[in-house]
Amino acid sequence: MNNTVLLEVKEGIGYITINRPEALNALSSQVLADLNHVLDQVATSEEIGVVIVTGAGEKSFVAGADIKEMDKMTPTQAFEYMTYANDTFTKLANLRQPSIAAINGYALGGGMELALSTDIRLGHEKILLGFPEVGLGIIPGFAGTQRMARLIGTSKAKELIFTARNVKAQEALELGIINHLVDVDSLMSEAEKLAKAILKNAPLAVEKAKHVINIGIDLPLSHAIRLETEAESLLFSTEDKIEGMGAFVEKRKAVFKRK
Ligand code: CAA
């Protein structure tokens, strides 16, 4: 660990901060290794129910993969770098806990791809998003071609990727890249509000919902529905299901235990 990625835990929320502000939080190999390590800590944490990912400093969420490092890479090294980044981002996408990106500035290239690996994205009025890669002679290599196409559709994703055009906050909202556009000063409090709204609910149910959506989206509909049915019936064996329905019947607030 080199402290290029920080993890703080408060009231059920795990705050992951990409902490390389001198390079606008660009994703060097060191940052990716630290992120991978932090994600392992999150995955095994009993305390963390929701994750918020953000960038250190005022200017940038993440300004992309590290161009200075990539400048010197051979194809073999590039393959290893991209594969490791994709394994790390997939670990984030598949975390059992829901994740929220609090986009606080530039989210370009690998930064956009990091945000796309979270479940829900918030951004403020001054964010700038995009895929500059084709202007550098490469393509988005941390799954941006795939995750963006799945999120906003192939045609809109192709336009963004082929033109390398940057998108401001309002357009990002209209395209569905960010879920909410908030004031600069309230970005973190809005992300926390969303995290707390999730934390009120039965954790195993939220985790199962995430799992079923993530897996189901790549399956034929009939298989995906079957997956949902199986997940649903499994939840009927949990203490939290008994608590949730019992609390409704008894007109009181449910207290969930992730059991
Ligand atoms: N990689 C490495 N260093 C970066 C970086 C990146 N992606 N982005 C910014 N930096 C560094 C700059 O080199 C600079 O360092 P020095 O002070 O040592 O020169 C420092 O961060 C501050 O950056 P700027 O001086 O450029 O800041 P600015 O406010 O003038 O411009 C910016 C900001 C428009 C974001 C500009 O920095 C920029 O265009 N950055 C590159 C964005 C980009 O192309 N990202 C995609 C990378 S490719 C990718 O991500 C591939 C993939 O999918 C795998």
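Before reading further, recall that the structure is shown in the block above.
Throughout what follows, the structure given in this document is the object of discussion. Owing to the predicted nature of the structure, the values given are computational and were not obtained by experimental measurement.

Moving on: the overall build of the protein. Check the secondary structure of the protein and you find 11 helices and 10 strands. Taking 18 Å as the expected radius of gyration for a compact globule of 259 residues, we find that the protein reaches 19 Å, a close match to that expectation. Seen through its C-alpha atoms, the protein measures out along the principal axes to roughly 60 × 40 × 35 Å. Per-residue burial for the protein yields a buried fraction of 44% across its 259 residues. For the protein, long-range pairs separated by at least 24 residues make up 69% of all intrachain contacts whose partners lie at least 6 apart in sequence. Accessible surface, the protein: about 13600 Å² in total, of which carbon and sulfur atoms supply 57%. Taking the average place of the 28 positive charges on the side chains of the protein and the average place of its 33 negative ones, the gap between the two points comes to 4 Å.

So, on to the site of the ligand. In the vicinity of the ligand, 25 residues are found, and the nearest of them are Lys59, Ala65, Gly110, Glu113 and Glu133. Residue Ala63 places a main-chain N or O atom 2.9 Å away from a nitrogen atom belonging to the ligand. Interatomic distance of 2.9 Å between a backbone N/O atom of Ile67 and a nitrogen atom of the ligand. In isolation the ligand offers 990 Å² of accessible surface; the protein chains occlude 66% of this area.

Rules used in this analysis
Residues numbered from 1 in each chain as written. Predicted model: local features only at pLDDT ≥ 70, side-chain atom pairs only at ≥ 80, totals over all residues. Heavy atoms only, no water. Helix = DSSP H or I, 4+ residues; strand = E, 2+ residues; numbered from the N terminus. Rg over C-alpha atoms; globule rule 2.2 N^0.38 Å. Buried < 20%, exposed > 50% of the residue type's maximum accessible area, 1.4 Å probe, protein only. Contact = heavy atoms within 4.5 Å. Areas by Shrake-Rupley, 256 points an atom, 1.4 Å probe, with all protein chains shown as cover. Lys, Arg positive; Asp, Glu negative; His and termini not counted. Charge placed at Lys NZ, Arg CZ, Asp CG, Glu CD. Near = heavy atom within 4 Å. Polar contact = N/O pair within 3.5 Å; in protein donor to acceptor, adjacent residues only side chain to side chain.

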